[in-house]
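Residues per chain are reported as follows:
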Amino acid sequence: MQRVDAIVIGGGIMGAATAWWLARRGQDVTLLEQFEPGHVRGSSHGGSRIFRLAYPDPFWIDLARAAREDWRELESETGDDLLVRTGSLDHGERAAVDGIAAALDVRRVRHDRLHPDAATERWPGVRFDGPVLHQPDGGRIAADRAWAAMWDRVRALGGIAHWSTPARAIEVIGDRARVATDDETYDARVAVVAAGAWVVDLLRDTVPLPPLVVTQESAFHFAPRDDTPWPSFIHHGDVARYGLETPGEGVKVAEHHTGPAVTADRRDFVVDAATRDRVAAFVRSWLPGLEPAPVSEVTCLYTSTVTEDFVLDRIGPIVVASPCSGHGFKFAPTIGRLVADLVTGAAPVPRFSLAEVRR
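Please read these numbers as outputs of a predicted model, since none were measured by experiment. (Residues numbered from 1 in each chain as written. Predicted model: local features only at pLDDT ≥ 70, side-chain atom pairs only at ≥ 80, totals over all residues. Heavy atoms only, no water.)

Draft legend 1. Examining the sheet that holds strand S3 (residues 48-51) more closely. Read across the sheet, three strands follow the order S3-S8-S4 without closing on themselves; strand pairing throughout is antiparallel. Either end of the sheet is taken by a strand with one partner, and the two such strands are S3 and strand S4 (83-85). On average, each strand axis in the sheet is inclined to that of its neighbour by 30°, with strand direction left out of account. For S4 and strand S8 (residues 139-142), the ladder comprises three bridges, and the chain directions are antiparallel. Within S8, the position partnered with Val84 by the bridge is Arg140. (Pairing = 2+ DSSP bridges. Helix = DSSP H or I, 4+ residues; strand = E, 2+ residues; numbered from the N terminus. Axes fitted to C-alpha atoms, helices over the stretch in contact; angles between N-to-C directions.)

Here's what the structure looks like:
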């Protein structure tokens, strides 16, 4: 049996961020991931993710501001440009755009309201019909590189990762956690479960979780018609559709929260044909700067609470660091810091506590 300060279960972006912060603080940290490095079975793979401050709730604006600073901290450690500032656009349904503008006003975050004609002149690859909000600090995160950068830092700081090593059981023994794999048992002061869609199976008998829904979402890349840089964007309507540039792959376009319900281990990895048709139709109607047929497509998992809030809390020696409801990647370094705080004895952010999310 190996004794460690902290064991992290799950090697996606949240597990990587947690291990990075724990290792920075001098903790003896070991990570267990059931699949190989960089696998495509969860929620963290892919070349890009949106970064934005433009939320309709000041709480998320504050968290995104903190995340921007934590991304810059990681960049300073690695020398890599991971958060690329392109600006972000929100347009479409007036009530949604007005709500974002009001929250940005409350937090005194700079933004511009543009007439559709002025927005079209500035971004001719997008069609606008209604209010347009531009927030210049939005952009994209180099997702795969960000994950790799965190793991490079964990290794440099003495952290250990065991890939293709599933956690088979988690027990609470007194004030410590015991985690069993096929080959080893770990005795840890704290076990962090950052396992995404697998969190329910791992904690079913240990921690009472709120209702969670796992969905298989589909995303598509489209070829731009020219080399004009693309901002990140969200079109608000009956369905929210978003897009951002993925260098070398095209412009990623997808719907938010429209995929079928699945389980972590029973999903088919097949892109939903109806979603493909809707997204392609959206591109034809709203994105004249893109070729209308996707050049690539991929599926990923969302694990969501009813409110789309996160679950970051500690019960005894168990810390829950999941799920992130389809919008967590941009906050990853800050989530890692908040989880490391829980490991070292801090109270949870009230909104992310189990008691609050279960309400």
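Right, picking up where we left off after that structure.
Draft legend 2. Examining the sheet that holds strand S16 (residues 250-255) more closely. Spatially, S6-S7-S5-S14-S15-S16-S13-S17 is the arrangement adopted by the eight strands of the open sheet, whose pairing is mixed. Of all strands in the sheet, those bounded by a partner on one side alone are strand S6 (112-114) and strand S17 (290-304). Neighbouring strand axes in the sheet, compared pairwise and without regard to direction, differ in orientation by 20° on average. In this structure, strand S5 (residues 88-92) lies alongside strand S14 (residues 232-236), joined through five bridges in parallel fashion. Among the inter-strand pairings, Ser88 is bridged to a residue of S14, identified as Ser232.

Draft legend 3. Structural context of the nonpolar core. Ranked by size, the top nonpolar core spans 59 residues in total, and within it Trp71, Met150, Val192, Phe310, Leu312, Phe331 and Ile335 carry the most contacts. With nine residues, helix H1 (residues 13-24) is the single largest residue contributor to this core. The contacts of Phe310, once residues within four sequence positions are left out, are Trp60, Leu63, Pro323, Cys324, His327, Gly328, Phe331, Ile335, Arg351, Phe352 and Val357. The next biggest cluster of nonpolar side chains, apart from the first, holds 29 residues, and it includes Ile170, Val207, Leu301 and Val320. (Core = buried A, V, L, I, M, F, W, Y, C linked by side-chain atoms within 4.5 Å. Buried < 20%, exposed > 50% of the residue type's maximum accessible area, 1.4 Å probe, protein only. Contact = heavy atoms within 4.5 Å.)

Draft legend 4. The environment of Asp238, seen in detail. Mapped onto the elements of the fold, Asp238 is located in the loop between S14 and strand S15 (241-246). Its relative accessible area of 79% is what places Asp238 among the exposed residues. Separated by 171 residues in the primary sequence, Asp238 and Ala67 place their C-alpha atoms 29 Å from one another.

Draft legend 5. Structural view of the pairing of strand S13 (residues 213-224). For S13, the tally of buried residues reaches nine of 12 residues, placing the bulk of the element in the interior. Note that S13 and S17 share 11 bridges and pair antiparallel. Among the inter-strand pairings, Thr215 is bridged to a residue of S17, identified as Tyr302. Of the strand pairs in this sheet, S13 and S16 are connected by four bridges, and their pairing is antiparallel. Within S16, the residue paired with Phe220 across the bridge is Val253.

Draft legend 6. Spotlight on the environment of Arg24. Here Arg24 is to be found in helix H1. You can call Arg24 partly exposed: its relative accessible area is 30%. Counting along the chain gives 253 residues from Arg24 to Asp277, while the straight-line C-alpha distance between them is 46 Å. Beyond its immediate chain neighbours, meaning those up to four positions away, Arg24 contacts Glu73, Glu77 and Leu157.

Draft legend 7. Up close: unusual backbone geometry. In this structure, Ser164 takes a positive phi of about 55° despite not being glycine. Structurally, Ser164 is set in the loop between strand S9 (160-162) and strand S10 (169-173).

Remember that the coordinates give geometry; whether it matters functionally is a separate question.
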